[in-house]
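Inside the fold
What follows is the residue order along each chain.
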Amino acid sequence: MRIKNTKATSLSCVALLSGTLFTPFNAWAAQANAGATTAIPVHIPAQSMISALDALGQQMHMMVVYTPDAVKNLKAHALNGVFTQHDAISQLLAGSGLQPIEKPGGGLIIQKATAGGVHKKTARDEPKDAETIFSVGHRYVKAEKRNSNIVMDSIAYDPYENLGGNSSIASSLVLLPGVTGIINGDEPRYVSLRGISPDLNHTTVDGLTMASIGETGSGTRRVNLQDTPVEMTSRTNIYKSFTAEQSGDAIGGIIDMIPMSAFDHKGFYAHLDGYGIYSTYKGSVGKNGIGGYSPHFGAGEKSNISYRFGKEKQFGIVISSRYQERVTNQTGSSSGFQYLDKSGKALDTSTVDPMTNKNWNGKMTPSSYSNSDYANSVTTLGGSGKLEWRPVGTNIKASILGWTYRRSENSMGDMNVYNLKNTVQNQTDNSGTVQVNSLYVRRIQNTYARNSNGIMGRLDWNRDRHALAIRAGYTWEGYSNYQPLERMRAYPTKLYADYSGTARNGDIIRLNSLSNSALQSAKWSAYQMQQQWRSAEEGIPTVRADYTYNTDYRSRGFGLAAGFEWRELSLANNISMQEYDTGFDMTQYANFTNYVPSKWNLPYVFLDADGRKFDWSSLKQGKSKLASSIYDSKISNFRYKEEVVDGYLSLHYALKNTVFIAGVRTDDTSYSAYTPTVSNSIVSDNFSKKNGSYINPLPSFDVVHRFPWKMNIHAAYSRSIGRPTPSNIAQAENVTCGTADEDGGAACSISRGNPNLKPRKAHNFDFSIDQYFDHSRGMVSLAFFDKIIQDDIYTLRNLSMQDGVLYNTSQPMNATGSNIHGLELSVLDRSVSLWGQFFDLSMNATWMQGNMKYVNSSGQQTRINHMIYQPDVLVNGAVTWHIPAIEGGLRATATYTDKYLTSIGSYASNNQGQGAYFMMNMAFWHKVYKNVSFRYEVQNLTDTRFSNVIGNKLQYTNNTSYLGRGIYFHVVLNSF
């Protein structure tokens, strides 16, 4: 399906949705405001205070939050009659030594009464700030961590504290310990947990698996959390230790998004946020000969509306929406390296690591130098809806949730690549002169469209100590992209370039100037002309049932949990290519400008053609290009189908302060990979089918001890697995040639899958200590983890010479073994009172150390002292200053991520990674009218640049990218 005029369509959808939401606004708000004074029947028998508060919240249609320490061992008397909310809670708590604090937006916090039995609200207890309507959610997060029998971290939905206009799940998770953001632009797209690849997380919505087609349809199992809005959730939990009750196919951790509930609020609730965006980096917009791209401006809206209705308020509905169109222009500079011997000649790096060559003179000079400049517009549109039913006087809860989100990118990337000869003149330690061999000019355009969808239902029943939850749903994700690509090249005569800089100090080697204007008089010829259409679809139906008996955190004695899960994954990946004859004259398309990108020193040369409007029918397609078009269109296509059936049994035994959990989960997986077949260089229309299966028992043991002085200790052991990605199994061998002159590397590349890959198997050891303080508003946590991984998967890369042609071959392989261990320290307190002001503080630091043993391209056993996606150090911090005088606040977040490995090279010097970075964001808000606030925000306040690094210690920088800052102005309306 093709959608024309995406911007107009998006705005129309937003207008329609907004009209639907605001039509009943006034009626709903008036009804909600009357809810607190309306008297309704209440029937609560004499029982424990904990059970009575839960019953009160259900019958009075409000959220009641309490800590176990405040209400333990207390009994509640019977309450029967017709009461308002205020009268009901007052009578229930009479004589108990407890007092309620009502929070804006609905909900009560129950705590021990202050001296004298009267509680006076102060800035410490409740800052006068619109953001406090979300404090109930923050307290619930801490209570859940404290009561959990699993090592976990959690973060609540809070639109004031989730910075960034996109406010995605990924942007919020990076503030938790052990979470590494895998950056796309200036925002994280994926997350790595405890130094483990994002493919080895298991990501769910309310316990049901989310579909993921990967970056370009390859089927990687990492879920794109940049496209997952946080506003459809109340909180997101990360489970870091595993019991049998959880899905067993995670090694990093389980990310579970808990949908927002209408029963989180007492009646009507709305949060509406419209905002404008200014991006500081303009880039090549207006200089590249192509119109239609905004240099700076964007806009967006986010909304949440929650309402409870029915005679007894037994129904609830939650609707969220979002729209955003944002500019993310950026520029990047790259340098290829060559290594000279002691006589000044270039070393052969095809088969020998140059850094171990005794004849290397210790200097690195540029072999190529390139700049890429992108004009990009990103549009996000979508929403979610949830309908709930909680009939009063029953033990039943039911809900159905659906969502759809679409992210599209309209990008154009221009690149200049200077390929340099290997003879360097006037060389010093960090400068020299080198002759230019050729200049390649590229223009690539992409129209990405990615959509994420889901629908799921849930039914809960509980009675006494029994509980049953049945969930079923279907999630699916689609991807499409049209990509025209044009390249031209020139061989200027006697053109020299001066360079300077060193890759050792975190910068890159740069060209400073050219000796003459030979480029303007050079002849330009077509090097590569092609069109590509790519599409992929993945769907995952899931059914699961979970039964528990006497496993609540308040339970004592024997308990058990049992259940099963069935799910199926189906993935189809399709590519279509059209490649055209090259070598023809393109001099007329060379556009010489005075434009100099950021951190670049040379005037830019653009290829002056719009691939989306180019007359492709005017190009020739000879037999060779026709054959390669057909071959390349078919060879990358594949299908994959996987079925997983799990069953588990978990036994609990709870003493007064200690809980023991022992269980086993059985994971039974079968799959079919459908791969193209090749005969005499012709790809068949039929796929070959490869079946496989594996079954793994996954035992676990967990102990939790809760000391009376608000300290919890967790110790856990578990087995879990990590499944290979579909493309790793199903991809056929694909040979691509003809890029050596541009990238300075191998002339041909060979990529292939590996149908014999085994799933990873991990032994997980976890130990944590959590100390709560400041009336449980604060917490200090220290966690240790150790993971021993069998059959880890890595990509083996090999350079080889065949018939005089250099080939770069890559194939996924099972490693001999891997290990990673680390420490996580986390400190937070949401009630720091200082100088009459109120602050929320959080800080965490993570230290990790890992290694992998594998067989390298020479067949030798090799050890590398890092896991892929594992930084050594992570430090995150956030502070919110509540300012009562303006009913607003100031929030700053800061993240430091150490460098980490992303790809293992054919030898250590070719290892690639992400460079270390520090980034800071800031927001300020204040009330301007009743329920109306202004909010100002700066994304990437530090103007951070992002770098790629290479080397056996990732010590050399070969690429840097610059994006500038994003500045947001929000108008926020709250109603509750």
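About the cut-offs
- Residues numbered from 1 in each chain as written.
- Predicted model: local features only at pLDDT ≥ 70, side-chain atom pairs only at ≥ 80, totals over all residues.
- Heavy atoms only, no water.
- Helix = DSSP H or I, 4+ residues; strand = E, 2+ residues; numbered from the N terminus.
- Buried < 20%, exposed > 50% of the residue type's maximum accessible area, 1.4 Å probe, protein only.
- Contact = heavy atoms within 4.5 Å.
- Areas by Shrake-Rupley, 256 points an atom, 1.4 Å probe, with all protein chains shown as cover.
- Pairing = 2+ DSSP bridges.
- pLDDT = per-residue confidence, 0-100.
- Polar contact = N/O pair within 3.5 Å; in protein donor to acceptor, adjacent residues only side chain to side chain.
- Phe/Tyr/Trp six-rings, centres within 6.5 Å; stacked < 30°, edge-to-face > 60°.
- Salt bridge = Lys/Arg side-chain N within 4 Å of Asp/Glu carboxyl O.
- Arc of directions from axis to C-beta.
- Lys, Arg positive; Asp, Glu negative; His and termini not counted.
- Patch = residues over 30% accessible without salt bridge, like charges linked within 9 Å, V, L, I, M, F, W, Y side chains within 5 Å.
- Expected span 1.5 Å × (residues − 1).
- Charge placed at Lys NZ, Arg CZ, Asp CG, Glu CD.
- Core = buried A, V, L, I, M, F, W, Y, C linked by side-chain atoms within 4.5 Å.

**Observations regarding the overall build of the protein**
When its secondary structure is counted, the protein shows 11 helices and 50 strands. With 976 residues in all, the protein has 58% of them scored as buried. Pairs at least 24 apart in sequence give 73% of the contacts found in the protein among residues at least 6 apart. With the model as given, the accessible surface of the protein reaches about 38200 Å², and the carbon-plus-sulfur share is 55%.

**Concerning the pairing of strand β11 (residues 201-205)**
When you tally the buried positions in β11, you get 5 out of 5 residues, the bulk of the element. Burial of the side chains of β11 extends over both faces: Asn 201, Thr 203 and Val 205 are buried on one face and His 202 and Thr 204 on the other. Relative to strand β14 (residues 253-259), β11 runs parallel, the two sharing 5 bridges. Note that in β14 the partner of Thr 204 across the bridge is Asp 256. In the sheet, β11 pairs with strand β12 (residues 208-209) via 2 bridges, with the strands oriented antiparallel.

**A look at the sheet that holds strand β8 (residues 152-156)**
Ordered by their spatial adjacency, 5 strands build an open sheet running β8-β13-β14-β11-β12, and the pairing between neighbours is mixed. The sheet is open, and its two borders are formed by β8 and β12, each paired with just one other strand. Pairing of strand β13 (residues 233-239) with β14 involves 6 bridges; the strand directions are antiparallel. When the bridges of β14 are listed, Tyr 239 appears paired with Ile 254.

**A closer look at the confidence of the model for the protein**
Across the protein, pLDDT averages 84, with 88% of residues at or above 70. Across residues 1-37, confidence stays below pLDDT 50; counting only partners more than four residues off in sequence or on other chains, it has 39 contacts. Taken as a whole, residues 738-745 scores under 50 in pLDDT and shows 22 contacts with residues more than four places along the chain or in a different chain.

**As for the side chain of Asn 764**
Tracing the sequence through the fold places Asn 764 in strand β35 (residues 760-773). Taking the relative accessible area as the measure of exposure, Asn 764 reaches 0% and is therefore buried. Looking at Asn 764, its side chain comes within polar contact range of the side chain of Ser 720, at 2.9 Å. One polar contact links Asn 764 to Lys 787, side chain to side chain, over a distance of 3.1 Å. For Asn 764, the residues in contact, after removing those within four places along its chain, are Phe 242, Ile 251, Ala 716, Tyr 717, Ser 718, Arg 719, Ser 720, Asp 786 and Lys 787.

**Here's the deal with unusual backbone geometry**
Only a minority of non-glycine residues have a phi that is not negative, and only a minority of peptide bonds are not trans. Positive phi is not limited to glycine here, since Glu 887 has a value of about 50 degrees. Its relative accessible area of 21% is what places Glu 887 among the partly exposed residues. In the Ramachandran plot, Leu 954 falls in the positive-phi region, its phi being about 50 degrees despite a non-glycine side chain. Along the polypeptide, Leu 954 turns up in the loop between β48 (946-950) and β49 (956-962).

**A short note on the packing of aromatic side chains**
Applying the stated rule across the entire model yields 29 aromatic pairs. For the pair Tyr 448 and Tyr 479, a centre-to-centre distance of 6.2 Å together with 45 degrees between the ring planes defines the contact as tilted. On the criterion of sequence distance, the pair formed by Tyr 448 in strand β21 (residues 431-463) and Tyr 479 in strand β22 (residues 466-490) is long-range, its members being 31 residues apart. When its relative accessible area of 26% is taken as the criterion, Tyr 448 is described as partly exposed.

**Quick word on the pattern of salt bridges**
Across all of its chains, the model carries 32 salt bridges by this definition. Among the ionic pairs, Arg 194 bridges to Glu 824, the shortest N-O distance being 3.0 Å. Highlighted residues: Arg 194 in the loop between β10 (187-193) and β11 and Glu 824 in strand β39 (residues 817-834), separated in sequence by 630 residues. On the accessibility criterion, Arg 194 (1% relative accessible area) is buried.

**Remarks on helix α5 (residues 85-93)**
Within the span of α5, buried status applies to Gln 85, Ala 88, Ile 89, Leu 92 and Leu 93. Buried residues of α5, seen end-on, are gathered within an arc of 115 degrees and therefore sit on one face of the element. Backbone geometry just downstream of α5 places Gly 95 in the positive-phi region, at approximately 75 degrees.

**What about the side chain of Asp 256?**
Positionally, Asp 256 belongs in strand β14. Summary of buried charges: Asp 256 has no salt-bridge partner, and the nearest side chain of opposite charge, Arg 471, is 5.8 Å away. Non-local contacts of Asp 256, meaning those with residues more than four positions away in its chain, are made with Thr 204, Val 205, Asp 206, Gly 207, Arg 235, Thr 236, Asn 237 and Tyr 239.

**Looking at the pairing of strand β16 (residues 297-309)**
Most of β16 is tucked away: 10 of the 13 residues are buried. Inspection of the sheet shows strand β15 (residues 269-279) paired to β16 by 10 bridges, in the antiparallel sense. Of the residues in β16, the one forming a bridge with Gly 274 is Glu 301. Sheet topology places β16 next to strand β17 (residues 315-327); 11 bridges connect them, and they run antiparallel. Across the sheet, Asn 304 pairs through a bridge with Ser 320, a residue of β17. Counting the residues in the hairpin turn of β16 and β17 gives 5 residues, including Gly 310, whose phi is positive at 105 degrees.

**Remarks on a nonpolar patch on the surface**
Taken together, Phe 767, Val 780, Leu 782, Phe 784, Leu 823, Leu 825, Met 843 and Trp 847 make up a surface patch of nonpolar side chains, about 640 Å² in accessible area. Broken down by secondary-structure element, the contributors of at least two residues to the nonpolar patch are β36 (778-790), β39 and β40 (837-855). At 3 residues, β36 tops the list of elements feeding residues into the nonpolar patch.

**Digging into helix α9 (residues 623-635)**
Over its 13 residues, α9 runs 18 Å from end to end, which matches the ideal 18 Å to within 8%, given 1.5 Å per residue. Taken residue by residue, α9 has Ser 629, Tyr 631, Asp 632, Ser 633 and Ile 635 as its buried positions.

**Side note on a positive patch on the surface**
A cluster of basic residues, Lys 72, Lys 112, Arg 556 and Lys 656, forms a positive patch on the protein surface. On the secondary structure map, Lys 112 appears in strand β7 (residues 108-112).

**Points about the nonpolar core**
Core analysis: the largest hydrophobic core is formed by 49 residues, its most contacted members being Phe 337, Tyr 418, Met 488, Leu 511, Trp 524, Met 529 and Tyr 956. In terms of residues, this core owes the most to one element, β21, which gives 4 residues. Setting aside chain neighbours within four positions, we find Met 529 in contact with Leu 485, Glu 486, Arg 487, Gln 578, Glu 579, Tyr 580, Thr 582, Phe 584, Met 586, Phe 614, Trp 616 and Leu 619.

**Let's talk about the environment of Val 827**
One can find Val 827 in strand β39. Look at Val 827 and you get partly exposed, because its relative accessible area is 29%. C-alpha of Val 827 to C-alpha of Asn 844: the two residues are 17 residues apart in sequence and 6.2 Å apart in space. Excluding residues within four positions of it along the chain, Val 827 makes contact with Met 779, Val 780, Leu 841, Ser 842 and Met 843.

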